[in-house]
Structures are given as structure tokens and as C-alpha cells.
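Fold and contact review
Residues per chain, in single letters:
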Amino acid sequence: MTWAHYVAWMHPAETSMLAERYPDPAMFDVGEDPVRDEMRLARTMGLDGWFVDVVARKDRLPSNHSDFGPFLKAAEGTDFMVGPCLDVKTDVAWQVHELVRLLGAWGAHPNFPRVGGKYVVATYTWWPWTPDEWRAIREGCAKAGFPLYLIANLTFSFEAFDDRLLVSYADVFDCGYTFGYIGRNGMTTAENHRRLAAFC
């Protein structure tokens, strides 16, 4: 499957100049169902679903998971999938609380992705959490009835690629991807992907 990261909270009037080059078609479309139209457009480009960015706030106010539901509702009756992508690090108890709240509200939706009975949750913020913190998040969600299939963002920013760091996280993620690699980490993008694929 091919997925894209979707930043539902972005508004060109309050973000960077990149928004002028990458506008959100749904925001400017005047059709009756612009989000569903955008999903149809995404399917024509080969996308099977979106991971919608969900921010668990550091000030412990509720996350923006209310942005998430309208996308699932727009996908109803189609095979387009919509899952959450976790952004920002808070603390384990609050992340579990917010994930359980989101999964309780939307996890049973037919367009919410699941693998082998587990709820698929992607991450943007991965490395700031320790392996023990990820284990605790998984355990907390499982105890609440929501076992996770975690997709890790294995981008190493501008640091050197470190196999030992990957090994320390090996048992806490089910799948990995890299967000915005452009030949970083002292090696080419292709070499990065080869090494990550070999590890996974």
C-alpha cells in the first residue's frame, strides 16, 4: 500500500510560504464534498490512504483528534483508508490517554486501518521517545483494548546512521518509513533505504 502524510491543521494563512506552493485543494474547493473529492484525486495518484497528523499537546490540553473524524466520514463507502500519525512528544500517560480517546472514538470505523487485529498508528515524532516509553505506550493501549501496529519514522535527521540505535528499538515497532529523506546521514538516500530495508 502507498500512503501519504496529511497535515489537517495546516492553514496557508498561518504557516510557512511552502503552503503557497502546496495548497490544500479541499480548503479551496467549493464543491459539495471537497474532502471526498480530494480522496478521489489521491486515488488517481496511486494513494491508498492518508495518515492524518495528530498533535498531542505538551500542555496536556486535548489533542486535535477532532480533525481526524471528518476524514473517516468522508471516506465512508470507499476503500480509502485514514489512520493517525502521532506528532510531538509529551509523556507516556498523556499519549496513552489521547490515543485511547482517539481509538475509542474512531478505531471501529471501517476505513480505519488494522493489521492482524491491531490498530495501525504511524509516527512523525519517533526518536524523542525511548524504547521503554514506546513499550509503555503499547502496553497502556493494549490494556485499554487497543493493541497497536506501530509505524516508526526512522529518519535520522542530519546525524550519522546508527545501527545500534535501530537495534535498541527493534522490538517496539512493526514497520518503518523515512520522512523527507534527501540523501542525509552522510550517505545517499538509496544507501539509507538499503540499510533500513536490510534491518527491517
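Details of the structure are given in the entry above.
Reference entry: report on the structure contained in this document. (Residues numbered from 1 in each chain as written. Predicted model: local features only at pLDDT ≥ 70, side-chain atom pairs only at ≥ 80, totals over all residues. Heavy atoms only, no water.)

Another aspect to go through is the packing of aromatic side chains. One pass over the structure, following the stated rule, counts 13 aromatic pairs. Ring centres of Trp-127 and Tyr-169 lie 4.8 Å apart, and the angle between their planes is 90°; on these two criteria the pair is classed as edge-to-face. In this pair, Trp-127 is assigned in the loop between β5 (118-123) and α6 (131-143) and Tyr-169 in helix α7 (residues 163-169), connecting sequence segments 42 residues apart. A residue is classified by how much of its surface remains accessible, and Trp-127, at 19% relative accessible area, is buried. (Phe/Tyr/Trp six-rings, centres within 6.5 Å; stacked < 30°, edge-to-face > 60°. Helix = DSSP H or I, 4+ residues; strand = E, 2+ residues; numbered from the N terminus. Buried < 20%, exposed > 50% of the residue type's maximum accessible area, 1.4 Å probe, protein only.)

Moving on: helix α3 (residues 34-44). Among the residues making up α3, those that are buried are Pro-34, Glu-38, Met-39 and Ala-42. For α3, the buried positions fall inside an angular range of 145° around the axis, keeping them on one side. Following α3 by one or two positions, Gly-46 adopts a phi angle in the positive range, close to 90°. (Arc of directions from axis to C-beta.)

What follows covers the side chain of Arg-138. As for its placement among the helices and strands, Arg-138 is situated in helix α6. Look at Arg-138 and you get buried, because its relative accessible area is 15%. Polar contacts involving the side chain of Arg-138 include one to the side chain of Asp-174, which spans 2.9 Å. Apart from residues no more than four positions distant in its own chain, Arg-138 is found in contact with Lys-118, Leu-148, Leu-150, Val-172, Phe-173 and Asp-174. (Polar contact = N/O pair within 3.5 Å; in protein donor to acceptor, adjacent residues only side chain to side chain. Contact = heavy atoms within 4.5 Å.)

What follows concerns the packing of helix α5 (residues 92-106) against α6. Packed helix pairs are characterised by how far apart their axes lie and by the angle those axes make with each other. Across the interface, α5 lies against α6 with an axial gap of 9 Å and an inter-helix angle of 40°. By crossing handedness, the relation of α5 to α6 is classed as right-handed. Contact with α5, carried on its side by Val-92, Gln-95, Val-96, Leu-99 and Val-100, involves Glu-133, Ala-136, Ile-137, Gly-140 and Cys-141 of α6 and no other residues of that element. Here the residues of the contact of α5 with α6 are counted per class, giving 7 nonpolar, 2 polar and 1 charged. (Axes fitted to C-alpha atoms, helices over the stretch in contact; angles between N-to-C directions. Left-handed = near helix turned anticlockwise from the far one by under 90°. Nonpolar A, V, L, I, M, F, W, Y, C, P; charged D, E, K, R; others polar.)

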